[in-house]
Amino acid sequence: MMNEELYLKSRMGNENPFRVPEGYFDNFAAEMMRNLPEQPQQSKFVRLRPFMYAAACLVVAILTATIYFFPHDNEEQNIAAVTPTTDTYVEDVADYVMADNIDIYACLASEY
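**Student:** With reference to specific residues and values, describe the overall build of the protein.
**Tutor:** Secondary structure summary: the protein contains 6 helices and 0 strands in total. Along its sequence from the N terminus, the protein presents helices and strands in the succession α-α-α-α-α-α. Residues counted as buried form 1% of the 112 residues belonging to the protein. Carbon and sulfur atoms make up 62% of the accessible area of the protein, which totals about 11,700 Å².

Set out below in structure tokens:
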């Protein structure tokens, strides 16, 4: 044992200072049940709530899988709308870098 423990045992002793009144645990369970508040009867909705959550998750999963795995009819039209032509792309890049025709000519001339 450590010195502190020996010191405390020599000063305080081994007696437990906490006491329970006589017969306290004889009727403990009955007293506890008597003191608990009445619980209202659960409705059907409360009992079915986990199943309703599971059904909602299943519906969301099915809709997500349907949208993700089955292609749309107008997919080719969407690809054509998203893919820009070369001229449009060059114009967009030139606008982005704020280059005018003189800058483009100077850049092309310096490459040769």
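Next, the rest of the story.
**Student:** Break down the packing of aromatic side chains for me, with residues and values.
**Tutor:** Following the criterion strictly, the structure yields 4 aromatic pairs and no others. Measuring from centroid to centroid gives 5.0 Å for Tyr24 and Phe25, while their planes differ by 85 degrees, and the two rings are edge-to-face. What makes Tyr24 partly exposed here is its relative accessible area of 45%. Using a relative accessible area of 57% as the deciding quantity, one classes Phe25 as exposed. Aromatic side chains Tyr24 and Phe28 sit 5.8 Å apart centroid to centroid with 45 degrees between the ring planes, which places their arrangement in the tilted category. Aromatic rings pair up to connect Tyr24, Phe25 and Phe28 into one cluster.

**Student:** Lay out the pattern of salt bridges with the relevant residues and their values.
**Tutor:** If you walk through the whole model with that rule in mind, you get 2 salt bridges. In this structure, Glu15 and Arg19 form a salt bridge, with 2.7 Å as the shortest nitrogen-oxygen distance. Arg19 carries the same exposure label as Glu15, and that label is exposed.

**Student:** Give a description of a nonpolar patch on the surface that names residues and reports values.
**Tutor:** Residues Val20, Tyr24, Phe25, Phe28, Met32, Met33 and Leu36 make up a contiguous nonpolar surface patch of about 730 Å² in total accessible area. Within the fold, Val20 resides in the loop between α1 (3-12) and α2 (28-35).

**Student:** Quick rundown of the confidence of the model for the protein? Include the residues and the values.
**Tutor:** Confidence in the prediction of the protein, expressed as mean pLDDT, is 80, and 82% of residues score 70 or more. Ranking the elements of the protein by mean pLDDT puts helix α4 (residues 75-82) last with 57 and helix α3 (residues 44-69) first with 92.

**Student:** If you had to explain α3 to someone new, which residues and values would you point to?
**Tutor:** With 26 residues, α3 should cover 38 Å at 1.5 Å per step; its first-to-last C-alpha distance of 37 Å lies within 8% of that length. The largest bend in α3 comes to about 45 degrees, at Pro50.

What counts, and where the lines are drawn
- Residues numbered from 1 in each chain as written.
- Predicted model: local features only at pLDDT ≥ 70, side-chain atom pairs only at ≥ 80, totals over all residues.
- Heavy atoms only, no water.
- Helix = DSSP H or I, 4+ residues; strand = E, 2+ residues; numbered from the N terminus.
- Buried < 20%, exposed > 50% of the residue type's maximum accessible area, 1.4 Å probe, protein only.
- Areas by Shrake-Rupley, 256 points an atom, 1.4 Å probe, with all protein chains shown as cover.
- Phe/Tyr/Trp six-rings, centres within 6.5 Å; stacked < 30°, edge-to-face > 60°.
- Salt bridge = Lys/Arg side-chain N within 4 Å of Asp/Glu carboxyl O.
- Patch = residues over 30% accessible without salt bridge, like charges linked within 9 Å, V, L, I, M, F, W, Y side chains within 5 Å.
- pLDDT = per-residue confidence, 0-100.
- Expected span 1.5 Å × (residues − 1).
- Bend = angle between axes of the 7 residues up to and from the residue.

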